[in-house]
Structures are given as structure tokens and as C-alpha cells.
Amino acid sequence: MDIFFQQIINGLVLGSMYALVALGYTMVYGIIGLINFAHGEVLMVGALVSWTVIGFIQPLLPPWLVLLVALVVACLVAAALNYTIERVAYRPLRNSPRLAPLITAIGMSILLQTLAMIIWKPNYKSYPTLLPSEPISLGGASITPTQIMILVVTALTLAGLMWLVHGTKLGRAMRATAENQRVAALMGVKPNNVISATFVIGAMLAALAGVMWASNYGTVQHAMGFIPGIKAFTAAVLGGIGNLAGAVVGGILLGLIESIGAGYIGDLTGGVLGSHYVDIFAFAVLIVVLTLRPSGLLGERIADRA
Amino acid sequence: MNFSQMTTRQRLLGILLAAVGLLVLPILLQGFGSAWVRIADMALLFVLLALGLNIVVGYAGLLDLGFVAFFAVGAYMFGLLASPHLSDSFPAFAAMFPNGVHMPLWVAIPLGAAIAGIFGILLGAPTLKLRGDYLAIVTLGFGEIIRVFMNNLDHPYNITNGPKGISQIDPIHFFGFSLGQRWDFFGYTVTPVVMYYYLFLALVLVSVVICHRLELSRIGRAWMAIREDETAAKAMGINTRNMKLLAFAMGATFGGVSGAMFAAFQGFISPESFSLMESIMIVAMVVLGGIGHLPGVVLGAVLLASLPEMLRYVAGPLQAITDGRLDSSILRQLLIALAMIIIMLLRPRGLWPSPEHGKSRKTAEGKNKASAQGSAA
């Protein structure tokens, strides 16, 4: 039972990071219908930038402030980067065949990884532990302060995003653009600005997730964005792509499935399948859910594009 | 560049020149070393793969991001049937085949192709209801599932030998004629890479003919109808379920055959060769060249498969100039990424697009530009 509780905690932590990244995927998809394959790389850039910043300011400031400054700088750099990517690689292709921006997104993903390799060298770098590393015991299971931070920050971010989307003018413009760009434009919304704003917000969420990811696992590297990117995309589809709440539900569900699956798959199959098979769990659940509900768990409209 | 506008004589001349060029190419390349012929061989294998994926994505409009899975299935099937691995790890096989399993070509390749085709149907069946990007993620997941199995099926029963891969795979050989050794023809020595070149070239030509015939057939027309508008296609009496399954199965069969060829050519396979990146590169070949258009697909595959290898040779001097800061593999990747982005920005329909593709969507877009997020794949 203790293991079960522990795996739930791990799953929630993992899931909330997936959720942050999945939100970026889902917002972009909801508005321009693009699978932004470079999104995981924005997470990677955020994490590496924060690593560099921490290297500079760690001796000067108290640890929590170091983390905060690193987080803010990472978010700003990621936002500027994603804004540029959208302007350069996606906007010119807005009216092209659908697969064209998909290919530029893949190209961008490779390009960012390559540039990161040139700037930061290809080796793994250890990410400093800034919060106390002593785990806190919690009813038989343990949780580290970093994990608590991840859960709290994600919850606050989600609340903030929900307010942004449902309570502000920009949010209304975003929803209107996602519904119908042309009609939104007739109502005085500037679709291009809204799309840029979406990319900026998505990048900040990804950078946030990147810093959390790096703090949790303790290493950063140029290829670190790939797996979270793919998993977050899976989570977004699982929840119903284009749907914000769906991305959160999908992300947390995927995190829980993975960690509980990893904890029990060995026992369940008598040792035939090990925890290496964890990815199969995630994708198998995805296939089952999509077979039963082709538009994802919370998705309403059938994706009739592509 | 428009083929159909040429006169029959010009066309015939073009075909003749291309044929002579393709036949002489390996002999010319051999002059620079076997490595260059190898590049040509791999390029042809990727052309075969891209032709297979083109059936699924280009004709039927089903975005498949896990195509490399079928390549892997074909390669592993051939690898298991033509190497000592099964006999080494299973006493039962050792009893039956004391010298290792060495199935003849006529068993191994059709079996590899058939199993890949079955996997294609297995993938297709649960995804029939899905469209577009939902399909993309499921196929991506399917590819990953296959890769995880390849990586981990080495215990408790050692079937795939895990990350270590399967080695000592037999080369292609038929009627006592093996492509794995040098042969002398009229005093001229032909190396294995050159022989494989001709084998792969023959396979590519056969595939191009098959694809071309498919494109013009009722089946091809049905696929394109599904691609342009599935609901309308269904209303016109097309059995969309069977047609989609057929597209998956046919595409997968191409993948399986090229996988078997790859295994025989390399003599060694491991899960590393079948990563998601490979799938993505195959999609990129099809899209960069000109989706659904055979000459375009061939062009895209040749470019993306051979350019990175050629850049390897250019990269050396550049690396020296930049004091080793730009590693050759990094530079290669950088240039591929830039090529993908720039080509798409300049020619969003691909380098050599089909003159007809997406026509019906275009008119629909004109009427309702607001909701059109660009036309179909």
C-alpha cells in the first residue's frame, strides 16, 4: 500500500509537468491546428538557460531567489524564442498544405537541438539542488521539497491560466480565434496578435516545466526535451486536443498511469515485462481511449482536419 | 519540368538517358570508393520506404508517424530467419537447425513482407475512426511500442537480443549466387555494394511501376477520394474501412520488404536503426519531395537520404576551420534542419509537387478561407 501511495505522488508530480507542456501543445493546436513538434525543445532551452543563469548567480543570492530569477529569465528567453519561431517558420505557412508547417516544426526541433549542442556542448550537466533535499515523510511515502514545489507551482499556474483564458479580454480573444479566425477578426480581434500571444504563453509554460523537470531529475542536456514533448503531446490528445482542461486531465492521468504502471507491471506479469515497458502502457491506454472516444476524453469536436 | 507536356520522343529519350545514368552510376561512384556506392544503396532503400509511406500518406491521406515500425518488423523477421540467433538462444531451434536458421530467400522475404502487412492491418484496424492528428499520435505510439519490444524482448526469452541487436545475418543469395561476395564478370570485378545497388534499383523500379499502376487504378482513385473528403467518398459508395486497411497493409508491405533488404545488406540490425527520428525522416522525405507525386517522393528520398552522408565528407574541412567547435555530425544535423525549414518556406507543396494534388480542396478554400487551415495532407 505504501508503494501505491508513493507511486501516486510520483505520478502526480510527473503528470503535472506533462500537463504544463501539454497546455502549450493544446493551445497552439486549438488555434492554428498545428502539432508543434518544437515545443519540447522550448522546454529544453528553458531548462538550459536556467542552468546557465544559476551558474552565474548562485553564489550571490539566497537559493530560493536564485531559482526565481532563473525561472523568470528562462521564461522570458523561451517566450522570445517561441515568438520568433512562430513568425519565421509557421506564420508564412498559414495557408499552405497542412503538412508543410509540420515539417518546419520538425526542422525547428532538430535545429534547436543542434544549436543547443553547439552552445552548451552535448554532455549531460548536473542541475544544482536549490531547495532542501531532505524528503518529507508523508504517511509511509516520502516527498521531496522540489516535488512539493512542482505540485504547488503547477496548481497556481493552472489557476492563473484558467483566469487568463476565461476572465480576461485576451482570453476571450483566444477562444474566439480558436472558434473561427475570420469571424473573430470581424469582431475586432487581431488573430496574428492572439496567435503570437498563444505562442508566448505556451513557451512560458514549457520553460516552467523545463525548470521543474531539471530540478526534479537533476540533469540537463540538449535532448531532454524530446521525451517530455512526445509524452505531453500524447497527454494533450488523450484529454482531447484543443481543450485546456483536457490537457491537464490527460497530463495527470498519463503521469499516474506511467508511475503506477512502472511500479506494478513486474508483479502483474510475473516478471516477464519490466518497468522498461512503461511507454507501452501509456500508448496502449491512448489507443484504447481513442478507440472508444475518437476525440479524446474531454474533446467535443471531431478532429476533421488533416 | 512537366513530364506530361513532352512529346513521346523527348520522353523516350529522357527515360533512355536516365536508365543509362542509373546503370552506370555505381561504376562511376566506385571510382571514388565503396562508401559512395553504399550511400547510393541506402538512398535506394529509403526511396523504397518513402514509396511505401507515400501510399499511406500521399494517396490515402493517413498521416503515419510510426512507419519505421514496419521497416523494423521486416528487418527483424529476415534477421531471425537468416541468422544463427534463434538456434543460439533456443534449444528447440538448435535441434531443428544445428547450423543456425538459414531460410531461403523465397521464404524469408515474403514472410517478412507478410508479417509487416499484418502489422499494418493491426495498426489500421483500431484507428479507422480516427482522423488527422489523432491518427498521427497513435501511429507514433505504435512505432514506439514496437521499438520498446525490440529493445526488451531479450529476457526471459531472448528473441530480439535486445539493444545488442542481431548479427551475422545472411546476405541475399539465390540459386547459389550470393550478393555478399565479389564476383568476376568477364574479367571485371563487381563488389557486393554494387550488386546490392542493382538489386535495390530493380526493386525500386518494380515499386514505382506498382505505385504508378495503383495510382491510376480504381483503388488509387478511391484512396484519393478518401484523402480529399472522407464523408463524400463514403457517400459515393466507397468502402472506406477496407480501403484504409488496404492502404495500411500495402504501405507496410513495402516497409517490410525494404526492412528485409536492409537486414541482408547490413548483416546486422539493432533497435537503434528504427527510432522515431527515422519515421519522421521518412515523412519528411515524402513531404519535402512532393506528397502523393511519385517523381517528387523519389527526389525527396534521394535528397534526404544521401545529402547528410555526403555532407559528412564536406564537414571535415569545415570542422578544421572552426577549431572543432562544429562537429561533423552536428553540422550535418544543422544543415538538414535548415534545409527542411527553408524548402518548406519556399516551396510548401514540396520540391516537385503533383500538378493535381489538393485541387478540390483549393476551390473549397476559396469559398471558405476562414475555416480552411490549409488543405489536406
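This is a predicted model, so every value here is computed, not measured.

Asker: Tell me about the overall build of chain B, and please be specific about residues and values.
Answerer: In terms of helices and strands, chain B carries 15 helices and six strands. What you see for chain B is a C-alpha radius of gyration of 22 Å, in line with the 21 Å of a compact globule of 377 residues. When the backbone C-alpha atoms are referred to their principal axes, chain B occupies close to 70 × 50 × 50 Å. Residue pairs in contact within chain B that sit at least 24 positions apart in sequence constitute 71% of those at least 6 positions apart. In the structure as shown, chain B presents an accessible area of about 17,000 Å², 68% of it carried by carbon and sulfur atoms. Chain B carries 25 positive and 19 negative side-chain charges, and their two centres are separated by 12 Å.

Asker: With reference to specific residues and values, describe the overall build of chain A.
Answerer: A tally of helices and strands in chain A yields eleven helices and four strands. Taking 2.2 N^0.38 as the reference for a compact globule, 306 residues should give roughly 19 Å; the C-alpha atoms of chain A span a radius of gyration of 19 Å, in line with that estimate. When its C-alpha atoms are laid out on the principal axes, chain A stretches across 60 × 50 × 35 Å. Within chain A, the fraction of its 306 residues that count as buried is 59%. Taken as a whole, chain A presents about 12,000 Å² of accessible surface, with 69% of it coming from carbon and sulfur. Placing the 15 positive and 10 negative side-chain charges of chain A at their respective mean positions leaves the two points 19 Å apart.

Asker: So what's going on with the UniProt feature "transmembrane region" (unreviewed entry) in chain A? Residues and values would help.
Answerer: Residues and elements named next belong to chain A. Those residues carrying the UniProt feature "transmembrane region" (unreviewed entry) are residues 12–35, 64–85, 97–120, 140–165, 194–213, 233–256 and 268–292 in this numbering. End-to-end, the C-alpha atoms of residues 140–165 are 39 Å apart, and along that stretch the chain is 81% helix and 12% strand. Overall, residues 233–256 shows 83% helix and 0% strand. The separation of its end C-alpha atoms is 16 Å.

Asker: Summarise the pattern of salt bridges; cite the residues concerned and give the values.
Answerer: Note that side chains of opposite charge can pair when their charged atoms are close. Residues and elements named next belong to chain B. Applying the stated rule across the entire model yields six salt bridges over all chains. With its nearest N and O atoms 3.1 Å apart, the salt bridge here joins E228 to R227. Residue class for R227 comes out buried when judged on its relative accessible area of 10%. Across the pair K244 and E230 runs a salt bridge whose closest N-O atoms are separated by 3.1 Å. Note that K244 is positioned in helix 11 (residues 240–266) and E230 in helix 10 (residues 230–235), a separation of 14 residues in sequence. We note that K244, like E230, is buried.

Asker: I'd like to hear about the nonpolar core, residue by residue, with values.
Answerer: Soluble globular proteins tend to bury their nonpolar side chains together. Counting residues in each nonpolar core, the largest one holds 215 residues, and the members touching the most others are F37, Y90 and I103 of chain A together with F78, I172, I269 and F274 of chain B. Apart from residues lying up to four places away in sequence, I172 of chain B is in contact with F78, L105, I109, F177, S178, L179, G180, Y196, L199, M261 and A264 of chain B. Counting five residues, the second-largest nonpolar core is a separate cluster that includes M117 and I118 of chain A together with L326 and I330 of chain B.

Asker: Please give an account of the interface of chain B and chain A that cites residues and values.
Answerer: Across the contact, 52 residues belong to chain B and 59 residues belong to chain A. Both sides of the chain B and chain A interface together cover about 5,100 Å² of buried area, and 73% of this is carbon and sulfur. In this structure, the connection of chain B to chain A is made through zero salt bridges. Our count for the contact surface shared by chain B and chain A stands at zero residue pairs in polar contact (both at pLDDT 80 or more). For the side of chain B that touches chain A, the secondary-structure elements that each account for two or more residues are helix 7 (132–152), helix 12 (276–289) and helix 14 (328–346) of chain B. Here the side of chain B that touches chain A takes 13 residues from helix 7 of chain B, the largest share from any one element. The residue makeup of the side of chain B that touches chain A, split by class, is 36 nonpolar, eight polar and eight charged.

Asker: Describe helix 4 (residues 99–120) of chain A, naming the residues involved and giving the relevant values.
Answerer: For helix 4 of chain A, built from 22 residues, the straight-helix expectation of 32 Å at 1.5 Å per residue is met to within 8% by its first-to-last C-alpha distance of 31 Å. A large share of helix 4 of chain A lies buried, amounting to 20 of its 22 residues.

Asker: For the packing of aromatic side chains, give the residues involved together with the corresponding values.
Answerer: For any pair of aromatic rings, the description consists of the separation of the ring centres together with the inter-plane angle of the planes. Applying the stated criterion across every chain, the model contains 19 aromatic pairs over all chains. Each ring, one from Y25 of chain A and one from F233 of chain A, has its centre 5.3 Å from the other, and the planes form 20°; the classification is stacked. Note that Y25 of chain A is positioned in helix 1 (residues 2–32) and F233 of chain A in helix 9 (residues 226–239), a separation of 208 residues in sequence. Residue class for F233 of chain A comes out buried when judged on its relative accessible area of 0%. Note on F71 of chain B and F262 of chain B: the rings are 5.1 Å apart at their centroids and 45° apart in plane angle, and the pair reads as tilted. Separated by 191 residues along the polypeptide, F71 of chain B in helix 3 (residues 68–81) and F262 of chain B in helix 11 bring together distant segments of the chain. Like F71 of chain B, the residue F262 of chain B is buried in the burial classification. Of the aromatic side chains, those joined through ring pairs into one cluster are F67, F70, F119 and F142 of chain B.

Asker: Give me the confidence of the model for chain A: which residues, what numbers.
Answerer: Residues and elements named next belong to chain A. Averaged over all residues, the pLDDT of chain A is 89; the fraction at 70 or higher stands at 96%. Averaged pLDDT values for the elements of chain A fall to 80 in helix 11 (residues 278–292) and rise to 96 in helix 2 (residues 39–57). Counting contacts from residues 302–306, a segment whose pLDDT is below 50, to residues more than four positions away or on other chains yields 15 contacts.

Asker: Outline the packing of helix 3 of chain B against helix 7 of chain B, listing residues and values.
Answerer: Residues and elements named next belong to chain B. The contact between helix 3 and helix 7 brings their axes to 9 Å, and the two run at 30°. Taken together, the axis directions place helix 3 and helix 7 in an arrangement best described as roughly parallel. Touching A69, F70, A72, V73 and Y76 of helix 3 are F142, G143, I146 and M150, all from helix 7. The residue makeup of the contact of helix 3 with helix 7, split by class, is eight nonpolar, one polar and no charged.

Asker: I'd love a proper account of the environment of D41 of chain B, names of residues and values included.
Answerer: All names here are of chain B. On the secondary structure map, D41 appears in helix 2 (residues 34–59). Take D41: its relative accessible area is 0%, and that puts it in the buried class. Among all residues touching D41, those that are not within four sequence positions of it are V193, Y196, Y197, F200 and F265.

Asker: Could you give an account of helix 11 of chain B, with specific residues and numbers?
Answerer: Residues and elements named next belong to chain B. In this model helix 11 runs 39 Å from its N-terminal to its C-terminal C-alpha over 27 residues, within 8% of the 39 Å that 1.5 Å per residue would give. With 21 of 27 residues buried, helix 11 lies mostly within the body of the structure. Directly beyond the C-terminal end of helix 11, a positive phi value near 75° is found at G267.

Asker: Provide a residue-level description of the side chain of N54 of chain B, including the pertinent values.
Answerer: Residue and element names in this part refer to chain B. Along the chain, N54 falls in helix 2. A residue is classified by how much of its surface remains accessible, and N54, at 0% relative accessible area, is buried. If near-sequence neighbours (up to four positions away) are discounted, N54 is found in contact with Y59, V286, I291, G292, H293, L294 and V297.

Asker: Account for the environment of V45 of chain A, with residues named and values stated.
Answerer: Residues and elements named next belong to chain A. Inspection of the secondary structure assignment puts V45 in helix 2. Measuring from C-alpha to C-alpha, the distance between V45 and L186 comes to 37 Å, with 141 residues separating the pair along the chain. Those residues in contact with V45 that sit more than four places away from it in its chain are V77 and L81.

Asker: Please give an account of a nonpolar patch on the surface that cites residues and values.
Answerer: Residue and element names in this part refer to chain B. On the surface, a cluster of nonpolar side chains totalling about 550 Å² of accessible area is made up of V20, L23, V24, I27, L28 and Y188. Among the elements that line the nonpolar patch, the one with the most residues is helix 1 (residues 8–30), at five residues. Mapped onto the elements, L28 comes out in helix 1.

The rules behind the values
- Residues numbered from 1 in each chain as written.
- Chains lettered and ligands numbered in written order.
- Predicted model: local features only at pLDDT ≥ 70, side-chain atom pairs only at ≥ 80, totals over all residues.
- Heavy atoms only, no water.
- Helix = DSSP H or I, 4+ residues; strand = E, 2+ residues; numbered from the N terminus.
- Rg over C-alpha atoms; globule rule 2.2 N^0.38 Å.
- Contact = heavy atoms within 4.5 Å.
- Areas by Shrake-Rupley, 256 points an atom, 1.4 Å probe, with all protein chains shown as cover.
- Lys, Arg positive; Asp, Glu negative; His and termini not counted.
- Charge placed at Lys NZ, Arg CZ, Asp CG, Glu CD.
- Buried < 20%, exposed > 50% of the residue type's maximum accessible area, 1.4 Å probe, protein only.
- UniProt positions renumbered as here; feature names shortened; annotations may be inferred.
- Salt bridge = Lys/Arg side-chain N within 4 Å of Asp/Glu carboxyl O.
- Core = buried A, V, L, I, M, F, W, Y, C linked by side-chain atoms within 4.5 Å.
- Buried area = accessible area lost by both parts, 1.4 Å probe.
- Polar contact = N/O pair within 3.5 Å; in protein donor to acceptor, adjacent residues only side chain to side chain.
- Nonpolar A, V, L, I, M, F, W, Y, C, P; charged D, E, K, R; others polar.
- Expected span 1.5 Å × (residues − 1).
- Phe/Tyr/Trp six-rings, centres within 6.5 Å; stacked < 30°, edge-to-face > 60°.
- pLDDT = per-residue confidence, 0-100.
- Axes fitted to C-alpha atoms, helices over the stretch in contact; angles between N-to-C directions.
- Parallel < 35°, antiparallel > 145°, perpendicular 65-115°, else oblique.
- Patch = residues over 30% accessible without salt bridge, like charges linked within 9 Å, V, L, I, M, F, W, Y side chains within 5 Å.

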